[in-house]
Amino acid sequence: MNRLMSGLAALCSLLLVAGCNGDPTEPLRDKGINRIIAAPSQLFIELGATKSVDVGAVDSAGSGLAFDYQLTSVGSGITVKRDSSFRGEFLSDSVFTVPPTDLQFRFTVVATGYGATSFTVSAGGKDLVIPVQVVPQNQLGATFSTTTPALGETVTLTAPSGTSFAQTSTVSFGTATAFVVSVAADGSSLDFIPPPNLVDAQATITDVSSTATPDLTYTPTTTDGLTSPVLTTFPGTFSNIAPAVNEPVTLTLTGATFDPAATLLLGTGSPTVLSTTATTLTFLPAPGTTALLTVNGVILDALPQFSLSLSAQETDTLRVDTVIPTMAGTDAAGTAPRFAIPASGNSVAFYDAPPFGAAACGGNTGFPCALYKITLSADAVLDATLTWDNAADMGLY
């Protein structure tokens with residue numbers, strides 16, 4: 001009995017060894033190709049850009065299969081080739097190669113023309129079409145009729161094949177907006193007048209369409225830049241560039257007009273504007289001023305599409321005395337200085353250093369004051385503003 005049991009044990013060991021030889025899941029494996037897969041499954045790519053697609057195949061159980069993946073069709077507007085550095089191996093210290101078959105191939109795609117296209121990868125009797133959309137997401141290969149236009153010259157921007165502009169398209173260069181003259185009916189081009197002071201500046205175009213994605217619009221930047229004439233000073237003359245305190249200064253433009261909404265900057269502040277016409281502007285500079293006047297709102301006759309921010313020439317630096325005079329008679333109503341009421345929309349302004357040392361003025365006691373007189377010929381609404389250069393508690397009545 002003991003011998004029989006011993007023999008059976010030996011037989012069982014042999015059977016166990018034989019059963020463990022090989023893959024126990026082999027009968028479950030489907031060695032045939034079920035489908036080709038790609039990551040990503042489609043591409044959105046800029047003109048001139050390069051992107052990669054990894055391609056492999058699986059059986060019905062989802063297991064990867066090694067194949068020689070071939071490009072069997074490549075559409076227009078792209079070039080495609082296998083990445084010779086992907087999953088390669090060294091045959092020796094100096095020889096690097098990629099195997100003829102593998103679980104995965106990587107293909108590089110270069111965009112050469114706008115539009116919807118594709119390429120096809122084949123293996124094991126299966127094909128996979130990979131769609132590619134070449135679109136102007138960030139950059140647009142449009143061309144300017146000239147990249148160095150004269151002041152006020154109209155420039156034509158032509159859209160590359162496969163893209164188009166809309167009637168609502170705008171053109172800008174950073175914070176400066178161009179003036180769009182017209183857009184072709186088919187959107188193939190647009191005409192615009194660039195602002196001055198551009199140096200190799202790329203244009204940003206809104207509402208650009210692509211045949212690859214007809215339901216989407218883009219706001220790309222042109223690959224080429226544009227340079228326009230430099231214009232930093234306004235054409236005009238001052239009535240006086242060294243005025244006395246309280247002396248108004250009139251700026252008269254030549255070959256230009258003031259924007260109705262024009263504002264002034266003189267040094268670190270804005271002088272008081274007294275009156276304006278289309279070509280003249282009168283203002284009162286502050287005492288102690290030594291600065292160039294900047295006008296935010298000059299419209300040149302040669303460039304009427306733009307309201308420009310321009311400075312005076314360096315030789316027209318305004319210089320005003322620092323000493324503020326004291327007007328006589330401000331301590332009593334009978335002798336108070338009189339000021340004329342300006343025309344509607346205009347202003348009158350002055351600087352004064354009254355003798356506030358007086359304990360009483362105009363019948364008021366307990367605090368110093370200064371009196372000024374205006375005469376109205378009829379009822380009127382006036383706006384008055386008081387500013388001063390220290391921290392004293394002052395009021396305007």
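By convention here, each chain's residues receive numbers from 1 onward along its written sequence. For a predicted model such as this one, the threshold for reporting local features is a pLDDT of at least 70, and the threshold for listing and counting side-chain atom pairs is 80 or more; totals across whole chains, interfaces and linings nevertheless cover every residue. Computation of side-chain values covers all heavy atoms of the structure but excludes hydrogens and water.

Moving on: the environment of leucine 47. Within the element layout of this structure, leucine 47 appears in the loop between β2 (43-45) and β3 (50-58). As for leucine 47 and tyrosine 114, which are separated by 67 residues in sequence, their C-alpha atoms are 6.6 Å apart. Numbered from the N terminus, helices here are DSSP runs of H or I no shorter than four residues, and strands are runs of E no shorter than two.

The next subject is the packing of aromatic side chains. Planes of paired rings set the category: under 30 degrees apart is stacked, over 60 is edge-to-face and the rest tilted, where pairs are Phe, Tyr or Trp rings (Trp by its six-membered ring) whose centres lie within 6.5 Å. Here the structure, examined in full by the defined rule, presents 9 aromatic pairs. Ring geometry for phenylalanine 67 against tyrosine 69: centres 6.2 Å apart, planes inclined by 65°, an arrangement best described as edge-to-face. Between the aromatic rings of phenylalanine 144 and phenylalanine 192, the centroid separation amounts to 6.2 Å while the plane-to-plane angle is 65°, which identifies the pairing as edge-to-face. Separated by 48 residues along the polypeptide, phenylalanine 144 in strand β13 (residues 143-144) and phenylalanine 192 in strand β19 (residues 189-193) bring together distant segments of the chain. Across this residue pair, the class does not change: phenylalanine 144 and phenylalanine 192 are buried. The rings of Phe67, Tyr69, Phe105 and Phe107 are connected pair by pair, giving a single aromatic cluster. As a reminder, the over-ring test applies to NZ of lysine and CZ of arginine, requiring each to be within 6 Å of the ring centre and within 35 degrees of the ring normal. Over the ring of phenylalanine 105 we find arginine 82; its NZ or CZ atom is 3.5 Å from the centre of that ring. For every residue, the accessible area (1.4 Å probe, protein chains only) is compared with the maximum for its type, and the residue is labelled buried under 20%, exposed over 50%, or partly exposed between those bounds.

Attention now moves to the sheet that holds strand β15 (residues 163-164). The 3 strands are arranged β15-β21-β22 in an open sheet whose pairing can be described as antiparallel. Of all the strands in the sheet, the pair left with one neighbour each is β15 and β22 (213-218). For two strands to count as paired, DSSP must find a minimum of two bridges between them. In terms of strand pairing, strand β21 (residues 208-210) meets β22 through 3 bridges, oriented antiparallel. Paired with valine 208 across the strands is tyrosine 218, a residue of β22.

For β3 and strand β9 (residues 104-111), the ladder comprises 7 bridges, and the chain directions are antiparallel. Paired with valine 53 across the bridge in β9 is phenylalanine 107. Relative to β9, strand β6 (residues 78-82) runs antiparallel, the two sharing 5 bridges. Along β9, the bridge assignment pairs threonine 79 with valine 110.

Here the focus is the side chain of serine 311. As for its placement among the helices and strands, serine 311 is situated in strand β31 (residues 303-311). Here, two residues are considered to be in contact whenever any of their heavy atoms come within 4.5 Å of each other. Aside from chain neighbours lying at most four places away, what touches serine 311 is Thr232, Thr233, Phe234, Leu292, Leu293 and Thr294.

The next thing to look at is the nonpolar core. Counting residues in each nonpolar core, the largest one holds 42 residues, and the members touching the most others are Val55, Phe119, Phe165, Phe173 and Phe192. Here the element with the most residues in this core is β9; it accounts for 4 residues. In contact with phenylalanine 165, other than residues within four places in its own chain, are Leu140, Leu157, Thr158, Ala159, Val183, Gly187, Ser188, Ser189, Leu190, Ile205, Asp207 and Val208. Residues belong to a common nonpolar core when they are buried Ala, Val, Leu, Ile, Met, Phe, Trp, Tyr or Cys residues joined through side-chain atoms within 4.5 Å. Counting residues in hydrophobic clusters, the runner-up holds 24 residues, among them Leu251, Leu264, Leu303 and Ala312.

So, about the layout of surface pockets. Using only the protein atoms, space was sampled on a 1 Å grid; points where a 1.4 Å probe fits but cannot get out form cavities, open sets with protein on both sides within 12 Å along at least five of seven lines form pockets, and lining residues are those with an atom within 4 Å of a point. Grid points are joined across faces, edges and corners, and a volume is the space filled by probe spheres set on the points. Here the second largest pocket defines a volume of roughly 200 Å³. Asp259, Pro260, Val273, Thr276 and Leu281 are the residues nearest the centre of the second largest pocket, which is lined by 14 residues in total.

Strand order in the open sheet made by the 3 strands is β26-β30-β31, with antiparallel pairing throughout. Each of the sheet's edge strands pairs with one partner strand only, and the pair in question is β26 (256-266) and β31. On average, adjacent strands in this sheet sit at an angle of 10° to one another, irrespective of strand direction. Bridge count for strand β30 (residues 293-300) against β31 is 5 bridges, and the pairing is antiparallel. By the bridge assignment, leucine 300 is partnered in β31 with leucine 303. Whenever a helix is involved, its axis is fitted only over the stretch in contact; in every case the axis is a line through C-alpha atoms, and angles between N-to-C directions fall within 0 to 180 degrees.

Function cannot be read off these values alone, since they describe shape.
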